[in-house]
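# Tertiary structure, described
Listed here are the chains, written in short residue letters.
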Amino acid sequence: MARTSTNGSAKDATVADLSAEIETLRKDLGSLTDTIAELGKSKASALKDAASERVKSARDTAQQKGAEAAEKVGAQAQYAQTQANEFIQQKPATAMGIAAGVGFLVGMLSTRR
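Scope of this entry: the structure provided in the associated data block. The structure presented is a predicted model; accordingly, all values stated were derived computationally and were not measured.

## Remarks on the overall build of the protein
Looking only at helices and strands, the protein has two helices and zero strands in total. Classification of the 113 residues of the protein by burial places 1% in the buried group. When the accessible surface of the protein is split by element, carbon and sulfur atoms take 61% of a total near 10100 Å².

Rendered as structure tokens:
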């Protein structure tokens, strides 16, 4: 709005007022920019921390599942070994025949390359 003064310099007062308002707006805009930058940094830090926590959780879960899988495979191998030992003790002649046959096949395959 235009102000009127007693000396007739309404135009000068308006330009001075506008300049002051523009300077105030620049300062406010600078302050707002700094505030948004700080907010962005804090959000980035929070997201980084959350991502790190999720990665750690996923790694722990994977290690736990890997250990469980290794334990299960080990138990199955132990069971297979026990079954093989029992078969050899119950039927030694058959076990020798199977071993000789497998050995013969491996020998044939390795010489045919």
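The structure having been displayed, the exposition proceeds.
## Concerning the pattern of salt bridges
A pair can form between side chains of opposite charge whenever their charged atoms are brought close. Under the defined criterion, the tally for this structure stands at two salt bridges. The residue Glu23 makes a salt bridge to Arg26 at a minimum N-O spacing of 3.8 Å. Within this pair, Glu23 and its partner Arg26 are both found in helix 1 (residues 10-90), separated by three residues, close to a single helical turn. With its nearest N and O atoms 3.6 Å apart, the salt bridge here joins Asp60 to Lys56. Remark: Lys56 and Asp60 occur in helix 1; sequence separation between them is four residues, near one turn of the helix.

## Looking at a nonpolar patch on the surface
Where nonpolar side chains cluster on the molecular surface, the patch consists of Phe87, Ile88, Ile98, Val102 and Val106 and spans about 430 Å² of accessible area. Those elements that provide at least two residues to the nonpolar patch are helix 1 and helix 2 (92-111). Sorting elements by how many residues they give to the nonpolar patch places helix 2 first, with three residues. By the secondary structure assignment, Val102 is in helix 2.

Calculation rules
Residues numbered from 1 in each chain as written. Predicted model: local features only at pLDDT ≥ 70, side-chain atom pairs only at ≥ 80, totals over all residues. Heavy atoms only, no water. Helix = DSSP H or I, 4+ residues; strand = E, 2+ residues; numbered from the N terminus. Buried < 20%, exposed > 50% of the residue type's maximum accessible area, 1.4 Å probe, protein only. Areas by Shrake-Rupley, 256 points an atom, 1.4 Å probe, with all protein chains shown as cover. Salt bridge = Lys/Arg side-chain N within 4 Å of Asp/Glu carboxyl O. Patch = residues over 30% accessible without salt bridge, like charges linked within 9 Å, V, L, I, M, F, W, Y side chains within 5 Å.

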